Amino acid sequence: MSDPQANPPHAKKPTPSEVLAILAEGNRRFWQDSPIHPNTGPERLEAAHQGDQAHHALATVLSCSDSRVPVERIFDAGIMDLFVVRVAGNIVAPVTAASMEYGALHVHTPLLVVLGHTSCGAVTAAWNRRQQPGGELEPNIAGLLEYIEPALDRVPPAPAGDPGHGQVDLAVEENIWQALGDLGRLSPLVRQACAEGTVAAVGAVYNLEYGQVRWLDQRKAAEMVAGRR
Ligand SMILES: [Zn+2]
């Protein structure tokens, strides 16, 4: 009898940095309007039916729910390529941390991505609420925005005379760092996997005007997950 541990499903997966390169290349094809739509045909459907996603999926991606951010499409990825977690504002709450933990530990994706995006409505709502407190907001939505609020504290004030239009973009980036820190805090197992190097967690911003994904500083991402910043 073969030992299932001798050849685990993730044994032949690429390294975290190789996965990042694959995603970056897929995004380049997308914004250059030359997608190849990989892994979408009948063979892949059959593999999805018969097989195990843990043999295939390369990255766990936490994205905003926003319809302008179609995750598989912007990475030119197909069936069983990405384990996707979506929630407005790409926040890491206990349930989204659990989903990302599942992606890391059970789907064995070498890379975890927190993907924010420009013009994020959730971040904008949190920002506007900060500027003009006291407005009416549905209780559940207010509860969601609470996950974003700590990130707003780290956005520097706009220079004098600047209308502050760039502040939301800065908040989008800070919200990604916030999510990476929350991920490490809420999932000790993800934090441990990142420390061991079997998994890497990174942040990225999708520019929904140009279709391009900008990858954030990977060392800072590792430090955020580790709780060192
Ligand atoms: Zn959004």
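How each quantity is defined
Residues numbered from 1 in each chain as written. Predicted model: local features only at pLDDT ≥ 70, side-chain atom pairs only at ≥ 80, totals over all residues. Heavy atoms only, no water. Helix = DSSP H or I, 4+ residues; strand = E, 2+ residues; numbered from the N terminus. Rg over C-alpha atoms; globule rule 2.2 N^0.38 Å. Buried < 20%, exposed > 50% of the residue type's maximum accessible area, 1.4 Å probe, protein only. Contact = heavy atoms within 4.5 Å. Areas by Shrake-Rupley, 256 points an atom, 1.4 Å probe, with all protein chains shown as cover. Lys, Arg positive; Asp, Glu negative; His and termini not counted. Charge placed at Lys NZ, Arg CZ, Asp CG, Glu CD. Axes fitted to C-alpha atoms, helices over the stretch in contact; angles between N-to-C directions. Parallel < 35°, antiparallel > 145°, perpendicular 65-115°, else oblique. Left-handed = near helix turned anticlockwise from the far one by under 90°. Nonpolar A, V, L, I, M, F, W, Y, C, P; charged D, E, K, R; others polar. Phe/Tyr/Trp six-rings, centres within 6.5 Å; stacked < 30°, edge-to-face > 60°. Donors = N, O, S within 2.8 Å, 3.2 Å for Na, K, Ca; no water. Pairing = 2+ DSSP bridges.

**Some details on the overall build of the protein**
- The helix and strand inventory of the protein stands at ten helices and five strands.
- Against the globule reference of 17 Å for 229 residues, the protein gives a C-alpha radius of gyration of 18 Å, in line with a compact fold.
- Principal-axis analysis of the C-alpha atoms gives the protein an extent of 70 × 40 × 35 Å.
- A buried classification covers 43% of the 229 residues belonging to the protein.
- Counting only contacts in the protein whose residues sit at least 6 apart along the sequence, the fraction spanning at least 24 positions is 72%.
- Of the roughly 12,000 Å² that the protein leaves accessible, carbon and sulfur atoms contribute 52%.
- Separation of charge centres in the protein, based on 18 positive and 26 negative side chains, amounts to 4 Å.

**Some words on the packing of helix α5 (residues 121–131) against helix α8 (residues 167–186)**
- Between α5 and α8, the shortest axis-to-axis distance is 9 Å and the interhelical angle comes to 115 degrees. Judged by the angle between their axes, α5 and α8 are roughly perpendicular. In the crossing of α5 with α8, the sense of the turn from one axis to the other is right-handed. Residue-level inspection shows Val123, Thr124 and Trp127 of α5 in contact with α8, the latter providing Gln167, Val168, Ala171, Val172 and Asn175.
- Partitioned by chemical class, the residues of the contact of α5 with α8 number five nonpolar, three polar and no charged.

**Some thoughts on the packing of aromatic side chains**
- Taken as a whole, this structure holds two aromatic pairs when the rule is applied.
- For the ring pair Phe75 and Trp215, a centre distance of 6.2 Å and an interplane angle of 35 degrees mean the geometry is tilted. Taken together, the residues Phe75 in the loop between α3 (71–74) and β2 (82–86) and Trp215 in strand β5 (residues 212–215) connect sequence positions 140 residues apart.
- Owing to a relative accessible area of 21%, Trp215 belongs among the partly exposed residues under this scheme.

**Re the coordination of the zinc ion**
- For the zinc ion, the full set of protein donor atoms is Cys64 (SG), His117 (NE2) and Cys120 (SG), at a range of 2.1 to 2.3 Å.
- Of the residues examined, Cys64 reaches a relative accessible area of 5% and is grouped as buried.

**Brief notes about the pairing of strand β4 (residues 200–207)**
- Taking burial as the measure, the eight residues of β4 include six buried ones, the bulk of the element.
- In the sheet, strand β3 (residues 111–117) pairs with β4 via seven bridges, with the strands oriented parallel. Looking at β4, one finds that Gly116 is bridged to Val205.
- In this structure, β4 lies alongside β5, joined through four bridges in antiparallel fashion. If you follow Val205 over to β5, its bridge partner there is Arg214.
- The turn joining β4 and β5, which pair antiparallel and follow one another in sequence, is formed by four residues; a positive phi near 80 degrees is taken by Gly211.

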